[in-house]
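Summary of the model geometry
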Amino acid sequence: MATDGPSLIKSSVKPAICTTIRYCHNYKVVKYTIEGVSGSVIVAKANQKVVSELGGPNDMFREMQSKNIGLERRMLRKTADVDLKLSNYQGDFVAGAGANVSAVAHAEPAIYAEEALNAGGASADPDEETSGNADEEDDHHKVEVGARMTAFGMNFGMPYKFIANGESQSFDDAPEAIRAARSRLNWAQRVFINDPTGYQDFNEELVFAYLEGQKIKYHDDGEKGLGPRIATLSLGAAATMSLRVKTKYFCPISTSGVFTDAKPLPLPLLESSGYTSGFKGKTKTKTQSKDSYEGRMAAWEELQCLKQAGDTDGYRRRSKELPRELGLRRKQADPILSFHLTHGDIVIMEGEQIQKYLEHQVEPHGNLRFALTCRTVLPNHLTPEQLPPYEVEPDSGRYDGNAIREDGDGEAVTW
Ligand SMILES: O=C(O)CCC(=O)C(=O)O
């Protein structure tokens, strides 16, 4: 297992991941690319100069606690198109559902701020195994009407489909910290990804506030109608973010025991997720080699042939038979990547395949953490009724990173 270089806190990075590090504008920018999955996960670690910059993370964190920004544990919107994914935003329930977090944070903002930062830094155990949750894919079918989101949330700009219509607010009326986060995250995608052709202005910002014990369980952000880049600014307490391969791509068998027809991901990625090709399984009479990678690949190719030949019955029958023949057992993948996020850090997930093949969870460690996540909601994906009653103006792009520019930003180091 590799680590991301000299640092007090080590990330857990499995071998199928390539790590590149460079230093830029006082951020340590760590880029993870994953074998067989296009795109990348970029973690930009902020230093003291970054967090104390005028209008930067410290000022934003203070403002987020001193203004009422409408954070609530919101009811999940229940419509046919989001039904299956509602649990993306469900998790552990806390007392006082529906309460307004600003009121809590208002009580003693300064103490709260300090406690949250200290608790996050001191209590986190980044090398701890992330807890293997029950299969969230299955939870999708158990969503109850009236369920609330895990954390306290508020949305700005374009509406986001997990937030009820009419509950998003214009950036124009938002506190400065919200607008500043959007601007900084737009800057971050320009500077840290450095691919002008892929740039799309973020037009939506979902703010989550996590109080003690709240977290967001494994989910993906790959909803239809979103641009391929998602960027989050962390404020306050530390957190551990983990990514793992989705169960259906780790083990090609559905909950109902049918072969899930997707080309197997590269073996090193599966092995990094805890898969052992051709493990020895015991039957009553003999020890058999089961669930080999070659077997999975051959099964997938067989199904492609049946599909191409238009043999629907054969396809259906073999889809049911193959899991047993191959000795497949449904199993959740181990995380392939876990890293520690602290106050001021930025995470950018870039590329559709990151959302397609992987899912992520975030577990805060302190008393108060804000996650300000920006996305690009493609306007033509929304119906006229779903469009907000206000214009979402482009980000005026005020943030330019000049106050934290460093001479001689280092060469990238890759391994
Ligand atoms: O809390 C975070 O850092 C990320 C939140 C998240 O995963 C999401 O908004 O989809």
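Definitions and cut-offs
Residues numbered from 1 in each chain as written. Predicted model: local features only at pLDDT ≥ 70, side-chain atom pairs only at ≥ 80, totals over all residues. Heavy atoms only, no water. Helix = DSSP H or I, 4+ residues; strand = E, 2+ residues; numbered from the N terminus. Buried < 20%, exposed > 50% of the residue type's maximum accessible area, 1.4 Å probe, protein only. Contact = heavy atoms within 4.5 Å. Areas by Shrake-Rupley, 256 points an atom, 1.4 Å probe, with all protein chains shown as cover. Polar contact = N/O pair within 3.5 Å; in protein donor to acceptor, adjacent residues only side chain to side chain. Core = buried A, V, L, I, M, F, W, Y, C linked by side-chain atoms within 4.5 Å. Domains from an automatic or database assignment. pLDDT = per-residue confidence, 0-100. Pairing = 2+ DSSP bridges. Expected span 1.5 Å × (residues − 1). 1 Å grid on protein atoms, 1.4 Å probe; cavity = no way out; pocket = protein on both sides within 12 Å on 5 of 7 lines; lining within 4 Å. Points joined across faces, edges and corners; volume = space filled by probe spheres on them. Nonpolar A, V, L, I, M, F, W, Y, C, P; charged D, E, K, R; others polar. UniProt positions renumbered as here; feature names shortened; annotations may be inferred. Patch = residues over 30% accessible without salt bridge, like charges linked within 9 Å, V, L, I, M, F, W, Y side chains within 5 Å. Salt bridge = Lys/Arg side-chain N within 4 Å of Asp/Glu carboxyl O. Lys, Arg positive; Asp, Glu negative; His and termini not counted. Charge placed at Lys NZ, Arg CZ, Asp CG, Glu CD.

In the annotation of an unreviewed UniProt entry, the chain is listed under the name Alpha-ketoglutarate-dependent dioxygenase AlkB-like domain-containing protein and assigned to Cladosporium halotolerans.

**Points about the overall build of the chain**
Scanning the chain from terminus to terminus reveals 11 helices and 17 strands. When each of the 415 residues of the chain is scored for burial, the buried share is 53%. Here the analysis covers contacts within the chain between residues at least 6 apart in sequence; of these, 80% occur between residues at least 24 apart. Of the roughly 18,600 Å² that the chain leaves accessible, carbon and sulfur atoms contribute 51%.

**Brief notes about the environment of S319**
One can find S319 in helix α10 (residues 312-326). Taking the C-alpha atoms as reference, S319 lies 7.6 Å from L303; in sequence the two are 16 residues apart. Sequence-distant contacts of S319, defined by excluding residues within four places in its chain, comprise G257, V258, F259 and L303. A polar contact of 2.7 Å, which involves the side chain of S319, links it to the backbone oxygen of Y315.

**Details of the nonpolar core**
Grouped together as the largest cluster of nonpolar side chains are 56 residues, with contacts concentrated most on Y32 and F339. Of all the elements, helix α9 (residues 293-308) adds the most residues to this core, at 6 residues. Taken domain by domain, the makeup of this core includes at least three residues from each of domain 1 (12-246 + 333-414) and domain 2 (253-326). Within the second largest apolar cluster, 42 residues are counted, among which are I69, F171, A181 and L211.

**Focus: the confidence of the model for the chain**
Across the chain, pLDDT averages 80, with 74% of residues at or above 70. Contacts for the low-pLDDT stretch residues 1-7, under 50 throughout, to residues beyond four places or in other chains number 19 contacts. This stretch, residues 79-144, has a pLDDT under 50; its non-local contacts, to residues over four places away or in other chains, come to 140 contacts.

**A look at the sheet that holds strand β15 (residues 358-364)**
Strands sit in the order β1-β13-β10-β15-β8 across an open sheet of 5 strands; the sheet is antiparallel. The open sheet has two edge strands, β1 (12-13) and β8 (216-219), and neither has a second partner.

**So, α9**
One turn of an α-helix holds 3.6 residues; hence residues three or four places apart share an orientation. The end-to-end C-alpha separation of α9 is 23 Å, in line with the 22 Å expected for 16 residues at 1.5 Å each. Those residues of α9 lying buried are Y293, G295, R296, M297, A299, W300, L303, Q304 and L306. Close packing links the buried residues of α9 with α7 (247-250), α8 (267-272) and α10. Trailing α9 by a residue or two, G310 shows a phi angle of about 70 degrees, which is positive.

**Structural notes on empty space enclosed by the protein**
If you walk through the whole model with that rule in mind, you get 2 cavities of 30 Å³ or more. Contributing to the lining of the largest cavity are 19 residues, with D221, T232, H360, V362 and T373 lying nearest its centre. At the level of elements, β7 (204-211), β8, β9 (229-236), β14 (346-350), β15 and β16 (368-375) are the ones that each hand at least two residues to the lining of the largest cavity. Of the residues forming the lining of the largest cavity, the biggest block, 4 residues, is contributed by β16. Of the residues in the lining of the largest cavity, the class split is 11 nonpolar, 5 polar and 3 charged. The calculated volume of the second largest cavity comes to roughly 70 Å³. In terms of lining, the second largest cavity is formed by K248, Y249, P252, F259, T260, A262, K263, P264, L265, L270 and R296. Counted by class, the lining of the second largest cavity contains 7 nonpolar, 1 polar and 3 charged residues.

**Thoughts on the UniProt feature "binding site: 2-oxoglutarate" (unreviewed entry) in the chain**
Taking the numbering used here, the UniProt-annotated feature "binding site: 2-oxoglutarate" (unreviewed entry) corresponds to Y210 and H219. Checking the named residues against the largest cavity, the ones that line it are Y210 and H219. By secondary structure assignment, the location of Y210 is in strand β7. The exposure class of Y210 is buried, given its relative accessible area of 3%. If we skip the residues at most four places from it in the chain, Y210 touches A151, K215, I216, P364, N367, L368, R369 and A371. Within the secondary structure, H219 is located in strand β8. The class of H219 is buried, set by a relative accessible area of 4%. A polar contact is formed between the side chain of H219 and the backbone oxygen of K217, at a distance of 2.8 Å.

**Concerning a negative patch on the surface**
On the surface, D172, D173, E391 and E393 cluster together to form a negatively charged patch. The residue D173 is located in the loop between β6 (168-169) and α6 (176-193) in this model.

**Focus on the environment of F152**
Within the fold, F152 resides in strand β5 (residues 152-157). By relative accessible area, F152 is classed as buried at 3%. Separated by 82 residues in the primary sequence, F152 and G70 have C-alpha atoms spaced 9.1 Å apart.

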